[in-house]
Amino acid sequence: DSGVTQTPKHLITATGQRVTLRCSPRSGDLSVYWYQQSLDQGLQFLIHYYNGEERAKGNILERFSAQQFPDLHSELNLSSLELGDSALYFCASSEKTGAGNTIYFGEGSWLTVV
Amino acid sequence: AQSVAQPEDQVNVAEGNPLTVKCTYSVSGNPYLFWYVQYPNRGLQFLLKYITGDNLVKGSYGFEAEFNKSQTSFHLKKPSALVSDSALYFCAVREMGGQNFVFGPGTRLSVLP
């Protein structure tokens, strides 16, 4: 158990809908990262927050947004969902932002768009 | 821009034999290199990392990796494979000052009994 908690574990929703994925980082970790894993795209970096501030953006669609709250939990909002958004969404956390810091992954949220 | 290549989609090895999972990288400065393992329907688990110092890094579950700067490689190794090592292995790189981890496409390791 990495200590990173993600909810829900599984989610099935229809095209055009909006969902929110939640992540609680490890105790004491200030950095939160979101990744998308799909069969054809591999593991794609979406966005990174540190202590409530956005630090880096990756291949995140405009239909997606995220935030990190004062208690350090983070939410990833996915809207106007398309079939191609079906994937495993991971949250990861680390104590600091330095390049040598290890990031620890949660178990992921499986999103199926039908 | 940083990038990672894992040239083999699949590696098959017999139980008890040594295993190697290959990784090469490209960064503009000094690299920070990581290996993660993913078991079916699970998150990625950290195995080991190279930051600086000794080129041979030892990690969890008997795995080790060798950093080779001239070949820009960071191959994962284990002297004696177990069936339970069968999983998807990811190499990742981060460059100094960088915010992002860049992951390779993954290599599926199958250890045959």
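### Describing the state of the cysteines
- Counted according to the given criterion, the structure contains two disulfides over all chains.
- One disulfide bridge connects A:C23 with A:C91, the sulfur atoms lying 1.8 Å from each other. In this structure the cystine formed by A:C23 and A:C91 twists about its S-S bond by roughly -55°; its chirality is therefore left-handed. In this pair, A:C23 sits in strand 3 (residues 19-24) while A:C91 sits in strand 9 (residues 87-94), placing the two residues 68 residues apart along the sequence. With respect to burial, A:C23 and A:C91 carry one shared label: buried.
- In this model, B:C23 is linked to B:C91 through a disulfide, with the two sulfur atoms separated by 2.0 Å.

### Here we look at the packing of aromatic side chains
All names here are of chain A.
- For the structure on display, the rule yields 18 aromatic pairs over all chains.
- Consider the rings of F64 and Y89, whose centres lie 6.4 Å apart with planes at 75°: the pair is edge-to-face. Taken together, the positions of F64 in strand 7 (residues 64-68) and Y89 in strand 9 put the pair 25 residues apart, joining distant regions of the chain.
- Its relative accessible area of 6% is what places F64 among the buried residues.

### Section: the interface of chain B and chain A
- At the junction of the two partners, chain B supplies 22 residues and chain A supplies 22 residues.
- Both sides of the chain B and chain A interface together cover about 1,700 Å² of buried area, and 51% of this is carbon and sulfur.
- There are one salt bridge connecting chain B and chain A.
- With a shortest N-O distance of 2.5 Å, A:E107 and B:R42 are connected by a salt bridge.
- Summed over the shared surface of chain B and chain A, the number is eight residue pairs in polar contact (both at pLDDT 80 or more).
- Where the side of chain B that touches chain A is concerned, the elements lending two or more residues are strand 5 (31-38), strand 6 (44-50) and strand 10 (87-95) of chain B.
- Residues of the side of chain B that touches chain A, tallied by class, amount to eleven nonpolar, seven polar and four charged.

### Focus on the nonpolar core
Residues and elements named next belong to chain B.
- In terms of nonpolar packing, the biggest core is built from 27 residues, with W35, L47, L48, F74, L76 and Y89 touching the most fellow members.
- When contributions to this core are tallied by element, the ones reaching two or more residues are strand 2 (10-14), strand 3 (19-21), strand 5, strand 6, strand 8 (64-68), strand 9 (73-78), strand 10 and strand 12 (107-112).
- Here this core gets four residues from one element, more than from any other, and that element is strand 10.

### Side note on the layout of surface pockets
- Its boundaries defined by the atoms lining it, the largest pocket holds a volume of some 540 Å³.
- What lines the largest pocket is a set of 17 residues, among which A:Q37, A:L39, B:Q38, B:L88 and B:R108 lie closest to the centre.
- Of all the secondary-structure elements, those providing two or more residues to the lining of the largest pocket are strand 4 (31-38) and strand 9 of chain A together with strand 10 of chain B.
- Its residues assigned to classes, the lining of the largest pocket shows nine nonpolar, six polar and two charged.
- In this structure, the second largest pocket spans a volume of roughly 230 Å³.
- If you go around the second largest pocket, you meet 13 residues; those closest to its centre are A:Q36, A:S38, A:Q41, A:G84 and A:D85.
- For the lining of the second largest pocket, the secondary structure elements donating two or more residues are strand 4 and strand 5 (42-50) of chain A.
- Within the lining of the second largest pocket, the residues separate by chemical class into four nonpolar, seven polar and two charged.

Parameters at a glance
- Residues numbered from 1 in each chain as written.
- Chains lettered and ligands numbered in written order.
- Predicted model: local features only at pLDDT ≥ 70, side-chain atom pairs only at ≥ 80, totals over all residues.
- Heavy atoms only, no water.
- Disulfide = S-S within 2.5 Å.
- Helix = DSSP H or I, 4+ residues; strand = E, 2+ residues; numbered from the N terminus.
- Buried < 20%, exposed > 50% of the residue type's maximum accessible area, 1.4 Å probe, protein only.
- Phe/Tyr/Trp six-rings, centres within 6.5 Å; stacked < 30°, edge-to-face > 60°.
- Contact = heavy atoms within 4.5 Å.
- Buried area = accessible area lost by both parts, 1.4 Å probe.
- Salt bridge = Lys/Arg side-chain N within 4 Å of Asp/Glu carboxyl O.
- Polar contact = N/O pair within 3.5 Å; in protein donor to acceptor, adjacent residues only side chain to side chain.
- Nonpolar A, V, L, I, M, F, W, Y, C, P; charged D, E, K, R; others polar.
- Core = buried A, V, L, I, M, F, W, Y, C linked by side-chain atoms within 4.5 Å.
- 1 Å grid on protein atoms, 1.4 Å probe; cavity = no way out; pocket = protein on both sides within 12 Å on 5 of 7 lines; lining within 4 Å.
- Points joined across faces, edges and corners; volume = space filled by probe spheres on them.

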